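Analysis of the macromolecular model
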Amino acid sequence: VAGDHPDGGPTPRPGSPGGPITRRALFRIFLKAGLAFGGGLGILAVLEQELVTLRRAIDREEFLRLYGLGRIVPSGTMTALAVAYGYRFAGPIGTAIALCGLVLPALVITVALTAAYGLLQQHGWLLDLLPVTILPAALAFIVVAGVRLGRDVFRPSRELLLATAAFLGAAVFGLNPVVLLLAGGAAGMVLFGRREASS
Amino acid sequence: MSLLALCVTVFTYNAMTFGNGPVMVPLLQADLVDRRGVLSTDQLLYAFTVARVTPGQANTYVAAIGYMLHGLVGALACTAAIMLPGYLMLPLLWGMSGSGASA
């Protein structure tokens, strides 16, 4: 039938073919995103499928543009996206709805597991297991995060110079990370600002 | 450490850093573990790990820290504190739509 989706994509759900997204749907979408594994990219994949592919509430180009904007917001990119989509589809209340949906699963599970940690502390022998189980895992996660962040920096560049200086500051001189962050930002501004001006 | 001080700490460090979760760990370690001594390194690492292996955002480890120091209220308050900087997205959105209209 003419007028049905000629591109053969999935049929949008009744009631929301590219139209505005209701508050209930907004909450459901972000709750689903909050249940995704794989951190930010897992969440992003759910949002893309729901908002772009299934509901056609937003086109791909704008989806990517919002993602780019979200990345330059301090704190979490996905938090920023929840604010953006919440506001877009349901105004100021929508931001709270989207944020609640996004954070609820992780919050409930994290608090439950932390309460379990309190119980572990009451049973001393279980606590002895931590150094051989959870703590190495934590270190592995942190190393992986560091390698991922550093991948772009570990080549001859001025960034590498800054990173080395920061590492020395932390490892050798025991400088406070806050000081390192601010000093790194200031040094970056001077180094890269000059390069921008000279080129 | 009072709940308000904890929330201000989390909010400040979160607003200072780009990229999620792990970037804040050394800041929290220096402040909560080394300087104030309200948290042990084991506790911090445990919080970080449980948030990492659960679905959703990894930065909810601040909820675990909040829970360790102030119970359920602490968990909720810290979560709110870490989400607040996300609202900086709104001025960016308005700026984008403004420049889009003029283009």
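Shown above is the structure to which this text applies.
From a predicted model like this one, the values you see are computed outputs, not experimental measurements. (Residues numbered from 1 in each chain as written. Chains lettered and ligands numbered in written order. Predicted model: local features only at pLDDT ≥ 70, side-chain atom pairs only at ≥ 80, totals over all residues. Heavy atoms only, no water.)

Time to look at the overall build of chain A. Helix and strand content of chain A: 8 helices and 0 strands. Here chain A holds 199 residues, and the buried ones make up 36% of them. Of the contacts made within chain A by residues no fewer than 6 positions apart, 52% connect residues no fewer than 24 positions apart. Carbon and sulfur atoms provide 68% of the accessible area of chain A, an area that totals close to 11,500 Å². (Helix = DSSP H or I, 4+ residues; strand = E, 2+ residues; numbered from the N terminus. Buried < 20%, exposed > 50% of the residue type's maximum accessible area, 1.4 Å probe, protein only. Contact = heavy atoms within 4.5 Å. Areas by Shrake-Rupley, 256 points an atom, 1.4 Å probe, with all protein chains shown as cover.)

What follows concerns the environment of Phe167(A). Secondary-structure assignment places Phe167(A) in helix H7 (residues 158-171). Along the sequence, Phe167(A) and Leu54(A) sit 113 residues apart, while their C-alpha atoms lie 46 Å from each other.

Residues and elements named next belong to chain A. Inspection of the entire model under this criterion finds 6 salt bridges over all chains. In this structure, Arg 55 and Glu 50 form a salt bridge, with 3.0 Å as the shortest nitrogen-oxygen distance. Taking the shortest distance from any N to any O, the salt bridge between Arg 88 and Glu 62 comes out at 2.7 Å. Linking Arg 88 in helix H4 (residues 77-122) with Glu 62 in helix H3 (residues 60-71), this pair joins segments that are 26 residues apart in sequence. Note on Arg 88: relative accessible area 40%, which makes it partly exposed. On the accessibility criterion, Glu 62 (15% relative accessible area) is buried. Overlapping salt bridges, with partners in common, bring together Lys 32, Glu 50 and Arg 55 in one network. (Salt bridge = Lys/Arg side-chain N within 4 Å of Asp/Glu carboxyl O.)

All names here are of chain A. Between its terminal C-alpha atoms helix H1 (residues 23-34) stretches 16 Å, which fits the 16 Å expected from 12 residues at 1.5 Å a residue. For H1, the set of buried residues is Ala 25, Leu 26, Ile 29, Phe 30, Ala 33 and Gly 34. Buried residues along H1 sit in contact with helix H2 (39-54) and H4. (Expected span 1.5 Å × (residues − 1).)

Turning our attention to the packing of aromatic side chains. Residues and elements named next belong to chain A. Applying the stated criterion to the full structure yields 4 aromatic pairs over all chains. Judged by centre distance (6.3 Å) and plane angle (20°), the ring pair of Phe 63 and Tyr 85 falls under stacked. Taken together, the residues Phe 63 in helix H3 and Tyr 85 in helix H4 connect sequence positions 22 residues apart. Measuring from ring centre to ring centre gives 6.2 Å for Tyr 85 and Phe 89, while their planes differ by 10°; the resulting arrangement is stacked. Note that Tyr 85 and Phe 89 are positioned in helix H4 at a spacing of 4 residues, about one turn of the helix. For Tyr 85, a relative accessible area of 0% puts it in the buried group. A residue is classified by how much of its surface remains accessible, and Phe 89, at 14% relative accessible area, is buried. Of the aromatic side chains, those joined through ring pairs into one cluster are Phe 63, Tyr 85 and Phe 89. (Phe/Tyr/Trp six-rings, centres within 6.5 Å; stacked < 30°, edge-to-face > 60°.)

Turning next to the interface of chain A and chain B. Contacts between chain A and chain B engage 54 residues on the former and 50 residues on the latter. When chain A packs against chain B, the two sides together hide about 4,500 Å² of surface, and 80% of this comes from carbon and sulfur. Of all elements in the fold, only H2, H3, H4, helix H6 (134-150) and helix H8 (177-198) of chain A reach the threshold of two or more residues within the side of chain A that touches chain B. Of the residues forming the side of chain A that touches chain B, the biggest block, 23 residues, is contributed by H4(A). Looking at the side of chain A that touches chain B residue by residue, the classes come out as 40 nonpolar, 12 polar and 2 charged. (Buried area = accessible area lost by both parts, 1.4 Å probe. Nonpolar A, V, L, I, M, F, W, Y, C, P; charged D, E, K, R; others polar.)

This brings us to unusual backbone geometry. A positive phi angle, close to 50°, is found at Arg56(A), a residue other than glycine. Along the chain, Arg56(A) turns up in the loop between H2 and H3.

Another aspect to go through is the side chain of Thr114(A). Note that Thr114(A) resides in helix H4. Residue class for Thr114(A) comes out buried when judged on its relative accessible area of 2%. A polar atom in the side chain of Thr114(A) sits 2.6 Å from the backbone oxygen of Thr110(A). Not counting residues up to four positions away in its chain, the partners in contact with Thr114(A) are Tyr46(B), Val50(B), Ala64(B), Tyr67(B) and Met68(B). (Polar contact = N/O pair within 3.5 Å; in protein donor to acceptor, adjacent residues only side chain to side chain.)

Geometric descriptors of this kind do not, in isolation, establish any biological role.
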